[in-house]
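As a plain string of letters, each chain reads:
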Amino acid sequence: MSNLFTEIKAKVEKHKPTIVLPEGTDERILEAAANLAKDRVVKPILVGDVADVQAKAKEQGIELGDITILDPATYEGLDEMVAAFVERRKGKETEESAREKLRDVNYFGTMLVYMDKADGLVSGAAHSTGDTVRPALQIIKTQPGIKRTSGVFVMVKDEHKFVFGDCAINIAPNSEELAEIAIATAETAKVFGLDPKVAMLSFSTKGSASSMETQKVSEATKLAQAARPDLVIDGEFQFDAAFVPAVAQKKAPDSPLQGQANVFIFPSLESGNLGYKIAQRLGGYDAIGPILQGLNKPVNDLSRGCNAADVYKLSLITAMQSINQKVTN
Ligand SMILES: CC(C)(COP(=O)(O)OP(=O)(O)OC[C@H]1O[C@@H](n2cnc3c(N)ncnc32)[C@H](O)[C@@H]1OP(=O)(O)O)[C@@H](O)C(=O)NCCC(=O)NCCS
Ligand SMILES: CC(=O)OP(=O)(O)O
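Residues numbered from 1 in each chain as written. Chains lettered and ligands numbered in written order. Predicted model: local features only at pLDDT ≥ 70, side-chain atom pairs only at ≥ 80, totals over all residues. Heavy atoms only, no water.

**Regarding the overall build of the chain**
Part 1 of the argument: From N to C terminus, the chain includes 13 helices and 11 strands.
Part 2 of the argument: Its C-alpha atoms give the chain a radius of gyration of 20 Å, near enough to 20 Å, the size a compact globule of 329 residues would have.
Part 3 of the argument: Within the span of the chain, comprising 329 residues, buried residues form 53% of the whole.
Part 4 of the argument: Partitioning the intrachain contacts of the chain with sequence separation of at least 6 by distance along the chain shows that 71% fall at a separation of at least 24.
Part 5 of the argument: Of the roughly 14,900 Å² that the chain leaves accessible, carbon and sulfur atoms contribute 51%.
Part 6 of the argument: Distance between charge centroids for the chain: 3 Å, based on 38 positive and 44 negative side chains. (Helix = DSSP H or I, 4+ residues; strand = E, 2+ residues; numbered from the N terminus. Rg over C-alpha atoms; globule rule 2.2 N^0.38 Å. Buried < 20%, exposed > 50% of the residue type's maximum accessible area, 1.4 Å probe, protein only. Contact = heavy atoms within 4.5 Å. Areas by Shrake-Rupley, 256 points an atom, 1.4 Å probe, with all protein chains shown as cover. Lys, Arg positive; Asp, Glu negative; His and termini not counted. Charge placed at Lys NZ, Arg CZ, Asp CG, Glu CD.)

Written out as structure tokens, the structure reads:
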């Protein structure tokens, strides 16, 4: 495990937050839950039919020990949960529709977090991002002052570390949304020990091309710089001009980034999602996330292409977010 996760583990194990893993019959989730419990870093809660979860674990040779398994169908606090859900959704759900939705493991798990029965949630190994995050957007909601949540990846290879955003949520952000994503991602990067140097990515560097797309990024750059003059944010940049000092010298010699960017903001979800997967699969980077930024409580998504180690690491990050949020609140 890289230094980054060894450090996070040391921080988290003192508190042992409770993390809900709603996909209780997925073998990667089961393996990660067993390892998290064995290493005594977080307390996992698995969701699903108890017999099914236990059978799947047995089939995989995974020892669950005393890990809690909650079944939405038999959960004794369900009436209280239904009432809290209806109240939270203020006229958007009836008791009947709430009861129906809470049969879904992601809605159920998210309500456990909302009701403080758990500190955070990690899901998405077996669900699409939409199905994973929609309950959080509706129930947990964004922090005051944050308009939209966004999803970033911490990209790690040996001691190299970068943050990529938005790779998960906002399909076609406008310039204001992109500026908000850039600022939130810079703050997330600090949590991972980076001194953020934020590049706003495009297919153009400092006006080398001009189109609606490049102007959107250039406008977002100005908005982010104006909102947070304390942060190093520049754009618009092609990836090479942001990352390779020799190319930066040629394309943007006056930029404070100097080809040293470590936070990359993609102009659209198409580019962000493709970009992280290319760095992961061709570049050999570990891609941990998507980590959702700006929510009131930590709920994080996984790629369906994840492995058990990814689930373990994202659970550690989720636990760290819950500890940090409690300190801040
Ligand atoms: C995230 C996503 C599912 C939300 O879309 P949706 O379910 O259609 O959302 P809706 O527009 O119906 O809104 C549902 C709720 O979420 C809120 N919401 C939607 N997007 C949000 C965002 N980015 N931040 C915060 N809240 C958001 C809405 O305000 C709404 O709240 P309300 O019900 O309290 O009024 C959608 O943007 C999406 O599909 N994104 C791409 C996901 C993806 O496939 N990524 C690639 C793989 S990682
Ligand atoms: C983050 C992501 O791309 O998720 P998935 O691979 O499950 O679509």
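**Structural notes on the environment of glutamate 96**
Part 1 of the argument: Here glutamate 96 is to be found in helix 5 (residues 95-101).
Part 2 of the argument: Taking the relative accessible area as the measure of exposure, glutamate 96 reaches 68% and is therefore exposed.
Part 3 of the argument: As a C-alpha pair, glutamate 96 and tyrosine 312 span 216 residues in sequence and 35 Å in three-dimensional space.

**Focus: the side chain of glutamate 236**
Part 1 of the argument: By the element assignment, glutamate 236 lies in strand 8 (residues 232-237).
Part 2 of the argument: Although glutamate 236 lies buried, it forms no salt bridge, and the closest oppositely charged side chain, lysine 206, sits 6.6 Å away as judged by the N-O distance.
Part 3 of the argument: Filtering out sequence-adjacent residues up to four positions away, glutamate 236 remains in contact with Met200, Ser202, Ser204, Thr205, Lys206, Gly207, Ser208, Ala209, Thr214, Val217, Ser218 and Thr221. (Salt bridge = Lys/Arg side-chain N within 4 Å of Asp/Glu carboxyl O.)

**As for the sheet that holds strand 6 (residues 160-165)**
Part 1 of the argument: Strand order in this open sheet of 6 strands is 8-7-9-6-5-10, and the pairing throughout is mixed. Looking along the sheet, the strands with just one partner apiece sit at the ends: strand 8 and strand 10 (286-293). Adjacent strand axes in the sheet meet at a mean angle of 20°, parallel and antiparallel pairs treated alike.
Part 2 of the argument: Running at roughly 160° to strand 9 (residues 263-265), helix 8 (residues 175-191) makes contact with strand 5 (150-157), strand 6, strand 7 (197-201), strand 8, strand 9 and strand 10 of the sheet.
Part 3 of the argument: Together, strand 5, strand 6 and strand 10 form the strand contacts of helix 12 (residues 269-281), whose direction differs from that of strand 5 by roughly 20°. (Pairing = 2+ DSSP bridges. Axes fitted to C-alpha atoms, helices over the stretch in contact; angles between N-to-C directions.)

**A look at the site of ligand 1**
Part 1 of the argument: Taken together, 19 residues sit near ligand 1, with Arg89, Lys92, Arg134, Thr149 and Ala168 positioned nearest.
Part 2 of the argument: Backbone polar atom of isoleucine 169 to a nitrogen atom of ligand 1: 2.9 Å apart, as the coordinates give it.
Part 3 of the argument: Here ligand 1, which alone exposes 940 Å², has 63% of that area covered by the protein.
Part 4 of the argument: Contributions of two or more residues to the shell around ligand 1 are made by helix 7 (129-140) and helix 12.
Part 5 of the argument: Of all the elements, helix 7 adds the most residues to the shell around ligand 1, at 6 residues. (Near = heavy atom within 4 Å. Polar contact = N/O pair within 3.5 Å; in protein donor to acceptor, adjacent residues only side chain to side chain.)

**Remarks on the sheet that holds strand 2 (residues 43-47)**
Part 1 of the argument: Taken in spatial order, the 5 strands make up an open sheet running 3-2-1-4-11, and their pairing is parallel. In this open sheet, the two edge strands, each paired with only one partner strand, are strand 3 (68-70) and strand 11 (299-301). Shown here is a sheet whose adjacent strand axes are inclined to one another by a mean of 25°, direction ignored.
Part 2 of the argument: The pairing of strand 2 with strand 3 spans 3 bridges and is parallel. When the bridges of strand 3 are listed, leucine 46 appears paired with isoleucine 69.

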